[in-house]
Each structure stands twice: as C-alpha cells, then as structure tokens.
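# Observations on the model geometry
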Amino acid sequence: MLRDLLYLFFPSYCSACDNTLFKNEQVICTRCRHELPLTHYHHLNVKKIEKVFYGRIPVINATALFSFQKESLVQNLIHNLKYRGQENIGVTLGQWLGSELQQIPNYQEIDIIIPVPIHKKRLAERGYNQVTKFGKEIATKLDAIYIDSVLKKKLHTSKQSKRKRLTRWKNAFETFEIKNGNLLENKHILIVDDIITTGATLEACAQVLLTIPNIKISIATMAITE
C-alpha cells in the first residue's frame, strides 16, 4: 500500500518519452522498449562498426545496442544519462546489451571491460562517467572484470564531436595514457562508450591500449549514428 501511495504522489517517468511509467515498468516504458531501434549487429554478425576502424586498428568484435538519430528516443536517453543525472539508464542499457552478448560465443571470450574515460575536470562537473554503470553491468553479464584505473584521459579537450577526425587521431597519445598496463597483458579487452559518431575517440583509446603486449580489442556502445 505504501508503494501505491508513493507511486500516486511521486510517479516515475520514462527516460525516453517522459510519459508516466506504470508500476511494473522501470526507467523505460514498455512502448518505448518496443520502438527503440535495435541494431542486432551482434546477433546478425553485422560488421558495420569493424569497417569504421578497418585499416586503422584491429577490432575483433564490435556492436552497438541502438541506432542513433537526432530528436529520437535514443537521443533522449543518452541526453538524460549524460546531462540530467539519470545514471539508472546506464544500468538498464548495460543489462539489456549484456544479456544479449551473453548469448554470443565471441563475447564470452572477453576478459576485461574498460570504459572510455573522461577527464577529471569533467568528472567533477558531472559527478560520474556516463558509461561506468553501463560497463559494470556488461561485465557482470559476461563474467568479466571491470577496470577503470588503467586508461586515463590526461588532456581536457573540447567536445570530441566538434573536432576533426585526423586531429583527434594525432592527439591520441597526448589525450590518453596508460597506468598499470600490466593488468591488461594477454587479455581480450572490451572498450565501452555511449555513442559512436566518427569512431575517433574509440580509435584513440585503442591506439594507446594496443601498446600493451598481446591484447585484443573489441567494442560495445549504447548507440551508433546512422
């Protein structure tokens, strides 16, 4: 009864469409769950993301949960996650994608999950890395280890989406650094991020990580731009 009263006076809202959630719904309403544009890359063995990095970095497997378009439900989700403190979105999407990757043999070989890091200044401003909980949930589903202490962002740059791809690639080693890289030696790493646009940020992270002996790189994100 107390729960019913709380729901009556303090209703929860869908993080995608902002409509009121029913009592049996959490974070994303049932309607939006059916309307969100799933890529199914990992189920269909689609190599679209791998092709983005072809000839630049070796990527074993790569997937994204959703296709991203402006003014869409997916944009609402990522905006609410990054700028409105709704970290539970990361939990939900991590559980969603992680449960699907559990079914794919290639992803069962993942040893370690690493998030794309944000600079400590932005971390202080926002209070959290938007992909932390996403990555932790995937790690739990894949029985992998989540590590956010090895790859660090040392340069506070302007938003990556506004920088030219070539410039970002040249600045990879100026922007990111490795600490205690021995923790990743001989491991299959899954780098996680929120969205792939040009792929330059993930490429920069991978370039730095690939200086560690005998590692493999795979990628998983919440969304990819179409």
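Residues numbered from 1 in each chain as written. Predicted model: local features only at pLDDT ≥ 70, side-chain atom pairs only at ≥ 80, totals over all residues. Heavy atoms only, no water.

### Some remarks on the packing of aromatic side chains
- Overall, the coordinates contain one aromatic pair when judged by the stated rule.
- With a centroid separation of 5.4 Å and an interplanar angle of 85°, the aromatic rings of Phe 66 and Trp 96 are classed as edge-to-face. Taken together, the residues span a long stretch of sequence, with Phe 66 in strand β1 (residues 62–68) and Trp 96 in helix α6 (residues 88–101) at a distance of 30 residues. (Phe/Tyr/Trp six-rings, centres within 6.5 Å; stacked < 30°, edge-to-face > 60°. Helix = DSSP H or I, 4+ residues; strand = E, 2+ residues; numbered from the N terminus.)

### Here's the deal with α6
- Taking 1.5 Å per residue as the helical rise, α6 with its 14 residues ought to reach 20 Å, and the 20 Å between its terminal C-alpha atoms agrees with that figure.
- Among all positions in α6, only Ile 89, Gly 90, Thr 92, Leu 93, Gly 94, Trp 96, Leu 97, Gly 98, Glu 100 and Leu 101 are buried.
- Buried residues along α6 sit in contact with α2 (30–35), α3 (41–44), β1, α5 (73–83), α8 (132–142) and β7 (216–225). (Expected span 1.5 Å × (residues − 1). Buried < 20%, exposed > 50% of the residue type's maximum accessible area, 1.4 Å probe, protein only. Contact = heavy atoms within 4.5 Å.)

### Some remarks on the nonpolar core
- Counting residues in hydrophobic clusters, the biggest one holds 37 residues, and the most contacted among them are Ile 28, Phe 66, Leu 93, Ile 113, Ile 138, Leu 142 and Leu 190.
- The set of elements that each furnish at least two residues to this core consists of β1, α5, α6, α8, β6 (188–196) and β7.
- In this view, Ile 113 contacts Gly 135, Ile 138, Ala 139, Leu 142, Ala 144, Ile 145, Tyr 146, Ile 147, Leu 190 and Val 192; residues no more than four positions away in its chain are not counted.
- Counting 30 residues, the second largest nonpolar core, distinct from the first, contains Val 59, Leu 151, Val 208 and Ile 219. (Core = buried A, V, L, I, M, F, W, Y, C linked by side-chain atoms within 4.5 Å.)

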